[in-house]
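So you can see what is in the structure, the chains are spelled out below.
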Amino acid sequence: MLKLGVVGYGRIANRFIPEAKFVSGVNVEGVFGPNKESLINFYENHQLMFWTLDYEEFLNRVDAVYIASPHQTHYEYIKHAIQRKKHVLCEKPMVLFEEQARELYELAQKNNCVLIEAIKTGYSPGFNRLISTAKSGLIGKIKSVDATFTKLVSGQLRELNKESAGGSVNELASYPLLAIIKLLGEKIESVNYYTHYDQQKEVDLFTQINIKYKNAIATAKVGLGVKSEGDLVISGTKGYIYVPAPWWKTEYFEIRYEKSSENKKIYYKFDGEGLRYELSEFVKLINSNHKETYKLLSSESISIIRIIEQFSLGKNVQRI
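The notes below deal with the structure included here. Remember, it's a predicted structure, so these values are computed and weren't measured experimentally. Per chain, the residues get numbers from 1 upward, laid out in the order the sequence is written. With the structure being a predicted model, the display of local features is reserved for residues of pLDDT at least 70 and the display and counting of side-chain atom pairs for 80 or more, all residues being used for whole-chain, interface and lining totals. Only heavy atoms go into the side-chain values, all of them from the structure, while hydrogens and water stay out.

Considerations on the layout of surface pockets
Here is step 1: Cavities and pockets are found on a 1 Å grid laid over the protein atoms alone: a cavity is a set of points where a 1.4 Å probe fits but cannot escape, a pocket is an open set with protein on both sides within 12 Å along at least five of seven lines, and a lining residue has an atom within 4 Å of such a point. Grid points are joined across faces, edges and corners, and a volume is the space filled by probe spheres set on the points. Of the pockets and cavities examined, the largest pocket occupies roughly 730 Å³.
Here is step 2: Lining the largest pocket we find 32 residues, and of these Arg11, Ile12, Arg15, Arg158 and Glu171 sit closest to its centre.
Here is step 3: Helix and strand assignments follow DSSP, with helices taken as H or I runs no shorter than four residues and strands as E runs no shorter than two, numbered in order from the N terminus. Contributions of two or more residues to the lining of the largest pocket are made by helix H1 (11–20), helix H4 (74–83) and helix H7 (168–172).
Here is step 4: Sort the elements by how many residues they give to the lining of the largest pocket and H1 lands first, with 3 residues.
Here is step 5: Amino acid classes used here: Ala, Val, Leu, Ile, Met, Phe, Trp, Tyr, Cys and Pro are nonpolar; Asp, Glu, Lys and Arg are charged; the rest, including Gly, are polar. When the residues that make up the lining of the largest pocket are grouped by side-chain class, the tally is 14 nonpolar, 7 polar and 11 charged.
Here is step 6: Estimates place the volume of the second largest pocket at around 330 Å³.

Describing the packing of H4 against helix H5 (residues 98–110)
Here is step 1: Fitted lines through C-alpha atoms give the axes, limited to the stretch in contact for helices. The angle between two N-to-C directions lies from 0 to 180 degrees. Here H4 crosses H5 at 15°, and the two axes come no closer than 10 Å. Taken together, the axes of H4 and H5 lie roughly parallel to each other. The interaxial crossing formed by H4 with H5 has left-handed handedness. Counting all contacts with H4, which are made through Tyr75, Ile78, Lys79, Ile82 and Gln83, the residues of H5 involved are Gln100, Glu103, Leu104, Leu107 and Ala108.
Here is step 2: Class assignment of the residues belonging to the contact of H4 with H5 gives a composition of 6 nonpolar, 2 polar and 2 charged. Each angle is binned into one of four classes, with values under 35 degrees roughly parallel, values over 145 roughly antiparallel, values of 65 to 115 roughly perpendicular, and all other values oblique. Handedness of a crossing is defined here by the sense of rotation of the near helix relative to the far one, left-handed for an anticlockwise turn of less than a right angle and right-handed for a clockwise turn. A contact between two residues is defined here by any heavy atoms of the two lying within 4.5 Å.

Digging into the sheet that holds strand S8 (residues 190–198)
Here is step 1: Should DSSP find at least two bridges between two strands, the strands are taken to pair. If you trace the 9 strands from one edge of the open sheet to the other, you get S14-S13-S12-S11-S7-S10-S9-S8-S15, paired in mixed fashion. The open sheet has two edge strands with one neighbour each: strand S14 (264–267) and strand S15 (317–319). Each strand of the sheet is rotated relative to its neighbour by a mean of 15°, with strand direction disregarded.
Here is step 2: Against the sheet, helix H6 (residues 125–134) engages strand S7 (142–150), strand S11 (232–236), strand S12 (240–243), strand S13 (252–256) and S14, with an angle of about 10° to S13.
Here is step 3: Running over the sheet, helix H10 (residues 298–312) touches S8, strand S9 (203–212) and S15 and is turned about 50° from S8.

Observations regarding unusual backbone geometry
Here is step 1: Geometrically, the link from Lys92 to Pro93 is a cis peptide bond, its omega value of -20° lying close to zero.
Here is step 2: Structurally, Pro93 can be placed in the loop between strand S5 (87–91) and H5.
Here is step 3: Geometrically, the link from Ala245 to Pro246 is a cis peptide bond, its omega value of -10° lying close to zero.
Here is step 4: Tracing the chain through its elements places Pro246 in the loop between S12 and S13.
Here is step 5: Positive phi, normally seen in glycine, also occurs at Lys85, with a value near 60°.
Here is step 6: Checked against the element boundaries, Lys85 lands in the loop between H4 and S5.
Here is step 7: Its identity as a non-glycine residue notwithstanding, Asn289 has a phi of 60°, on the positive side.
Here is step 8: With respect to the helices, strands and loops of the structure, Asn289 is situated in the loop between helix H9 (275–288) and H10.

With respect to the side chain of Glu29
Here is step 1: Position of Glu29 among the secondary structure elements: in strand S2 (residues 26–32).
Here is step 2: Only protein chains enter the accessibility calculation, which uses a 1.4 Å probe; a residue is then buried when its area is under 20% of its type maximum, exposed when over 50%, and partly exposed in between. Only four residue types enter the charge count, namely Lys and Arg as positive and Asp and Glu as negative; His and the chain termini do not. Between Lys or Arg on one side and Asp or Glu on the other, a salt bridge is scored when a side-chain nitrogen of the former is within 4 Å of a carboxyl oxygen of the latter. Despite its burial, Glu29 pairs with no opposite charge; the closest candidate is Lys3, at 5.4 Å N-O.
Here is step 3: For Glu29, the contacting residues outside a window of four places in its chain are Lys3, Leu4, Leu48, Met49 and Phe50.

Things to note about the sheet that holds S5
Here is step 1: Pairing is parallel in the open sheet, where 6 strands are placed in the order S3-S2-S1-S4-S5-S6. The outermost strands of the open sheet, each flanked by one partner alone, are strand S3 (50–52) and strand S6 (115–118). Neighbouring strand axes in the sheet, compared pairwise and without regard to direction, differ in orientation by 25° on average.
Here is step 2: Inspection of the sheet shows S2 paired to S3 by 3 bridges, in the parallel sense. Among the inter-strand pairings, Gly30 is bridged to a residue of S3, identified as Phe50.
Here is step 3: Each of strand S1 (2–7), S2 and S3 touches helix H2 (residues 36–45); the most contacted strand, S3, lies at about 170° to it.
Here is step 4: Strand contacts of H9: S1, S2, strand S4 (64–67), S5 and S6, with the helix running at about 160° to S5, the strand carrying the most contacts.

Coordinates in, geometry out; function isn't part of it.
Structure follows, in structure tokens:
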């Protein structure tokens, strides 16, 4: 039985614990974080074995770590855990800089540890069927991918806090970029960004990311202050695939052709919050002594982080 510890006690961590009960071979033992009151509440609510304010003690009592803390803390928590030869499943974005991502994946390989980024869509059965269907040739050669993910938030939230690395791109871009890179690959020629920026909060509320490949184009739209249709359209030379909102919880998609009589509908069940899929893959890798999964390669994770970093650095960014 794999002993798993949770770093963090926020919304995603609270959703993770019930999901873990659906994954065999793993037990969530305890929780670590900087706030004693929050730790105790989380520990009691989920009936865990322990809580601690000491990261060293935490690592001594677990085999693997699930990190769901604020973005900027990920790097140090991951690095220290891997140095202690603990496997790590970390929420997206795993880190905010490409150089850090490369360092951590190399460190994990050196220490014989599993390190994967928890972009839950990438591990779900429906999404993986979608990718294989799109690349099978049924819609011809893929020439365009358009993916959108928006949700409206307001108030004093981490997502809208510059000091917590908030903003639409940091919060949401991992999902559409995952779809784009899975479908079109990592050989990107250029990326540019158009963003609606909140001058007071100093975060982006809506951003369109335009990506150019040698023989294809892609658009990712993300927003925390602008609402749009959260669908995914994969355009090919013979037809296209339409995935309705919320496409990141892929349960249904339709292959559409010029002749509507040839259209095909495909259904897949998406269980719960979907977090069970990433955890199941994580446990599977550890037990099989494999360090990487085709569902989200380390190089793909790095490519996603690179695009997020370029936006943060203001490269090819135009404010509107």
